[in-house]
Amino acid sequence: MSAPTTATPPGGVGEVVHDAPARGRILPRPVTGQEVVLVVVIAALWLVLGLATPAFFTSGSIIPLLVSMSPIALIGVGMTIVIITGGIDVSVGSIVMVSAVVTAQALVDHGLSLPVAVLLSVLVGGVLGLVNGVLIAYGRVQAIIITFGTLNLFKFVGLQFFGSSTVEGIPATFAFFGRGEAGRTLGIPHSFLIMLVVATAAWFYLRHTAGGRHFYAIGGDAVAARLAGVAVRRRSLIAYVLTGLLSGLAACFVIAQGTTSLAASVGSGTELAVIAAVVIGGTSITGGRGSVLGTVLGALLVQTVTTGVTQLGWQSQLSDLFVGLFIVVAVGADLVRQRSRRTS
Amino acid sequence: MTTATVPDPTGTPPARTTGDERPSLASRLLRLVLTQRIALLVVLLVAVVITMTTLSQNNYLSAPYSPSYMSATLINLVPLVLLGLAELLVITSGRGGIDLSVGAIVSLTGMVFGFAYGQWGWSLLAALALAVAFGALCGALNGVLVAYVGFPALITTLATYYAFRSLALVINDQQPISTKPVQDLYSTAAAVQLPFLPESFPRVPLGIFTFLVPTVVVVWLVLARTTWGRRLYAVGTNDVAAEWTGIDVRRTRFSAYVAAGAISGLVAVVTVAQFASARPDAGVSGTGMALPAITIAVLGGVAITGGIGRVAGVVLAALLVVWLNAGILLAVPGNAGTQLQLFALGAVLVFAALLNGITNRRYGGTQ
């Protein structure tokens, strides 16, 4: 049995890297096994859906899919960084809600231009992310507890803007991010493109800059990271602020996807969808490992399942069951890999 | 009087004594309130009741904050305390233990109970047993994945939250079950006059005696008076040490999740009776039931890192939240009041977490 050669993927040079990870390659591979599996799963799902429902491969089906996954993937980029540091942020749904209602109200009242409105939304998200970050990094409390609390607090703030009704008559300023003709260039939705740009930048930042690697160091061992000179508190603060900023940007996409009115339920449940996407993408919930690419694929998978269930004519609530199953399978695969790495 | 319960005042930072006993008493009281979560909760509870009663007597509230009103709102205490105890068991079991799926278990078990009692014509006792068993089964799924397979609890229960919530909605085409037997259950949620007490004593919701008190007593007995309870604390404090002392860590942790599921099954029956209908979204609508339950547990002094947590803390924390919410509803009527409850819940949770942090650094933890 020639175990070393069978264990390596085709490509030859992989074997050397596999045997001597410390010398040849400090960074993990650009594309992890989980991501390859995800691509295969998504491709298989698309193929099945394409055969089962002929309408699936039309632009009327693919473009809404890409547009709806963009906010989830965008917040997922921030959430990936937060989870890599060993934290979590369950308040993103409320951040989206506050950003969306403040921006929508400002659009209705003052007729802001597109850049100003985006800036406002992103800033509101950033401020709320800062609240989370300060409490978690400097209050030294568990992230999940604090963000559960701020989930309620932010929701309260958002509801104050809503009054007791919906925001009506939102102008079409955000059509640039929408599903319609104005939201596309060469047939590709702008929101999807923006998400890709942000994700690529984050991928490079996390992988190839010292600052990005610090997030992994914190998640691996916060004490060791601090002793090695990483500004642990400032880094975790940055992670939550980034998540807030991206949630603010995602709020613009959410407004653009909706009608001219905005209901108080906007954003609720987003946090679970985002965490699901991040985990399915192979990021370890215990911190220290993960990639933005996986998160984007995870979001695509979740959205594919949601779209697929609807298109097959099943009850739409059934998609949650599949999302749950995918989470279990993804975490299980991660565990198996972890164990095999430890024993080898 | 209260100072007598301070175990050891020698650890207090030396305050500037002016010959008087005052400063040391004050710092000892501060220490008591910070380290004894139950003392803090009692202080807060008294503060809330006094504030609300004062507001009520000066006619600031839309209805009197009277003993009978306070007693009537106790009906909200039942699910809150039970789920708080479920979270207590799971969080105490350690290694990031948490259960996000309790609300979804309540929804799904409520539907199963609705089928058994409302459509298949089972007797109440059999249907109740089925609900508890089914809840335990849901909890067992969490337990197997967390304790035996080694999944992180947060993610496992997030996944099962999705799965159970989805099944609860799909199982009956999103329709609630409200047949005659289920509607008649509402009588069990009614308020009753206590025997042996004067007529003027406020009526107390029946659920307090049928569900709340038995569960609280059982959980307290199990945690404080059985080896299983001591094992659970041992596992939560340090599972490696527990393993070396011969405790079956996996089985102990597994049973904590099963117990949490069984309690959620009980809550499902309570909720069905309260709504007079088995609603598929009973436990997940709005912010859901898991979030308030975790809030109650943390406010009640359960350490999220595991190994620390007391039944009395959870009960007092739930009572505090229920009476605070009841007062808010009277002070700020309508929609604004409901919104303010969100604020109160969030603020109380952040406050409790920050306080836990300060206490840990200054005194080395709550008890």
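As recorded in an unreviewed UniProt entry, chain B goes by the name Erythritol transport system permease protein, listed as coming from Klenkia brasiliensis. Note on chain B: under the UniProt heading Subcellular location (unreviewed entry), the record states "Cell membrane".

Chain A carries the name Autoinducer 2 import system permease protein LsrC in an unreviewed UniProt entry, which gives Klenkia brasiliensis as its organism. Entered under Subunit (unreviewed entry) in the UniProt record, the comment concerning chain A runs "The complex is composed of two ATP-binding proteins (LsrA), two transmembrane proteins (LsrC and LsrD) and a solute-binding protein (LsrB)."

*Asks:* Can you walk me through the overall build of chain A in this structure?
*Replies:* Tallying secondary structure elements over chain A gives 15 helices and 2 strands in all. In terms of overall size, chain A behaves like a compact globule, its C-alpha atoms giving a radius of gyration of 21 Å where 344 residues would be expected to give roughly 20 Å. Taken along its principal axes, the extent of the C-alpha atoms in chain A is 70 × 55 × 35 Å. In chain A, which comprises 344 residues, the proportion classed as buried is 51%. Pairs at least 24 apart in sequence give 76% of the contacts found in chain A among residues at least 6 apart.

*Asks:* Looking at this structure, how should I read the overall build of chain B?
*Replies:* Across its full length, chain B carries 15 helices and 2 strands. Burial statistics for chain B: of 367 residues in total, 49% are counted as buried. Restricting to contacts in chain B with at least 6 residues of sequence separation, those with at least 24 account for 75%.

*Asks:* I tried to follow the confidence of the model for chain B on my own but got confused; where do I start?
*Replies:* Detailed reading of predicted coordinates is not advised where the pLDDT is low. Residues and elements named next belong to chain B. Of the residues in chain B, 89% reach a pLDDT of 70 or more, and the chain-wide mean stands at 84. Here residues 1–19 is modelled with pLDDT under 50, and outside its nearest four sequence neighbours on either side it reaches 16 contacts, counting other chains as well. In the predicted complex, the global pTM is 0.83; the interface-specific ipTM is 0.78.

*Asks:* Is there a simple way to explain the nonpolar core in this structure?
*Replies:* Among soluble globular proteins, nonpolar side chains are generally buried collectively. Among the nonpolar cores identified, the biggest contains 224 residues, and Ala276(A), Ile327(A), Phe113(B), Leu158(B) and Ala318(B) are the most heavily contacted of them. When residues no more than four places from it in sequence are discounted, the contact partners of Leu158(B) are Leu272(A), Ile275(A), Ala276(A), Ile327(A) and Leu100(B).

*Asks:* Sorry, what's going on with the environment of Val48(B) here?
*Replies:* Residues and elements named next belong to chain B. Examined against the element boundaries, Val-48 turns out to sit in helix H2 (residues 37–57). We classify Val-48 as partly exposed; it has 18 C-beta atoms within 10 Å. Expressed as a C-alpha distance, the spacing of Val-48 and Arg-279, which sit 231 residues apart in the sequence, is 33 Å. Apart from residues lying up to four places away in sequence, Val-48 is in contact with Leu-320, Trp-323, Leu-324 and Gly-327.

*Asks:* So what exactly am I meant to see when it comes to the interface of chain B and chain A here?
*Replies:* When the parts of a complex come together, some accessible area is lost, and that lost area is often taken as the interface size. At the interface, 32 residues of chain B touch 35 residues of chain A. The set of elements that each furnish at least two residues to the side of chain B that touches chain A consists of helix H7 (153–170), helix H13 (290–299) and helix H15 (335–363) of chain B. Grouping the amino acids of the side of chain B that touches chain A by side-chain chemistry returns 23 nonpolar, 8 polar and 1 charged.

*Asks:* Explanation requested: helix H14 (residues 292–311) of chain A in the structure shown.
*Replies:* Residue pairs spaced three or four apart in an α-helix point in one direction, given the helix's 3.6 residues per turn. Helix length check: H14(A), at 20 residues, gives a terminal C-alpha distance of 28 Å against a target of 28 Å (1.5 Å per residue), a fit within 8%. Gly313(A), located one to two residues past H14(A), shows a positive phi value of around 80 degrees.

*Asks:* Help me out: how do you make sense of the environment of Val106(B) in this one?
*Replies:* Residue and element names in this part refer to chain B. When you line up the elements, Val-106 lands in helix H5 (residues 102–119). Linking Val-106 and Gly-118, residues 12 residues apart in sequence, is a C-alpha distance of 17 Å. Contacts of Val-106, omitting those with residues within four sequence positions, involve Ser-264, Val-267, Ala-268, Thr-271, Ala-282, Gly-283 and Met-289.

*Asks:* Please clarify how the environment of Ser187(B) should be interpreted in this entry.
*Replies:* Residue and element names in this part refer to chain B. Along the chain, Ser-187 turns up in the loop between helix H8 (180–184) and strand E1 (191–192). The exposure class of Ser-187 is exposed, given the 10 C-beta atoms found within 10 Å. The spacing of Ser-187 and Phe-254 is 67 residues in sequence and 36 Å in space, taken between C-alpha atoms.

*Asks:* Just to check I follow, could you spell out unusual backbone geometry for this structure?
*Replies:* Phi is mostly negative for residues that are not glycine, and the peptide bonds are mostly trans. Residues and elements named next belong to chain B. Backbone geometry places Gln-174, a non-glycine residue, at a positive phi of 65 degrees. For Gln-174, the location among the structural elements is in the loop between H7 and H8. According to the C-beta neighbour criterion, Gln-174 is partly exposed, with 13 such atoms within 10 Å. You will see that Ala-276, though not glycine, has its phi angle at about 55 degrees, which is positive. Positionally, Ala-276 belongs in the loop between helix H12 (249–275) and H13. The partly exposed category is assigned to Ala-276, around which 16 C-beta atoms lie within 10 Å.

*Asks:* Can you walk me through the packing of H5(B) against H7(B) in this structure?
*Replies:* Each pair of packed helices can be summarised by the angle the axes make with each other and by the distance between the axes. All names here are of chain B. Where H5 contacts H7, the axes come no closer than 8 Å and their chain directions differ by 30 degrees. In terms of their interaxial angle, H5 and H7 are classed as roughly parallel. The handedness of the crossing between H5 and H7 comes out as left-handed. Here Ala-104, Ile-105, Ser-107, Leu-108 and Met-111 of H5 come into contact with H7, specifically with Tyr-161, Phe-164, Arg-165, Leu-167 and Ala-168. Among the residues forming the contact of H5 with H7, the class breakdown is 8 nonpolar, 1 polar and 1 charged.

*Asks:* Even after reading the chapter, I still don't get the packing of helix H9 (residues 190–208) of chain A against H14(A), so can you show me in this structure?
*Replies:* Residue and element names in this part refer to chain A. At a minimum axis separation of 9 Å, H9 and H14 run at an interaxial angle of 150 degrees. By the angle between their axes, H9 is roughly antiparallel relative to H14. Side by side, H9 and H14 meet where Ala-199, Ala-202, Trp-203 and Leu-206 of the first sit next to Val-292, Leu-293 and Val-296 of the second. Partitioning the contact of H9 with H14 into residue classes produces 7 nonpolar, no polar and no charged.

*Asks:* Can you help me understand helix H6 (residues 124–149) of chain B in this one?
*Replies:* Residues and elements named next belong to chain B. Taking 1.5 Å as the rise per residue, H6 with 26 residues should run 38 Å; its terminal C-alpha atoms sit 36 Å apart, in good agreement. When the local axis directions of H6 are compared, the greatest deviation, roughly 30 degrees, occurs at Gly-143. One or two residues past the end of H6 sits Gly-150, with phi positive at roughly 95 degrees.

*Asks:* How do you make sense of the confidence of the model for chain A when you look at a structure like this?
*Replies:* Looking at chain A, pLDDT values average 82 and 91% of them are 70 or higher. When the criterion is pLDDT under 50, residues 1–23 of chain A qualifies, and its contacts beyond four places in sequence or with other chains add up to 11 contacts.

Here is what the cut-offs are and how they apply
Residues numbered from 1 in each chain as written. Chains lettered and ligands numbered in written order. Predicted model: local features only at pLDDT ≥ 70, side-chain atom pairs only at ≥ 80, totals over all residues. UniProt positions renumbered as here; feature names shortened; annotations may be inferred. Helix = DSSP H or I, 4+ residues; strand = E, 2+ residues; numbered from the N terminus. Rg over C-alpha atoms; globule rule 2.2 N^0.38 Å. Buried ≥ 20, exposed ≤ 12 C-beta atoms within 10 Å, placed from the backbone. Contact = placed C-beta atoms within 7 Å. pLDDT = per-residue confidence, 0-100. Core = buried A, V, L, I, M, F, W, Y, C linked by C-beta atoms within 7 Å. Nonpolar A, V, L, I, M, F, W, Y, C, P; charged D, E, K, R; others polar. Expected span 1.5 Å × (residues − 1). Axes fitted to C-alpha atoms, helices over the stretch in contact; angles between N-to-C directions. Parallel < 35°, antiparallel > 145°, perpendicular 65-115°, else oblique. Left-handed = near helix turned anticlockwise from the far one by under 90°. Bend = angle between axes of the 7 residues up to and from the residue.

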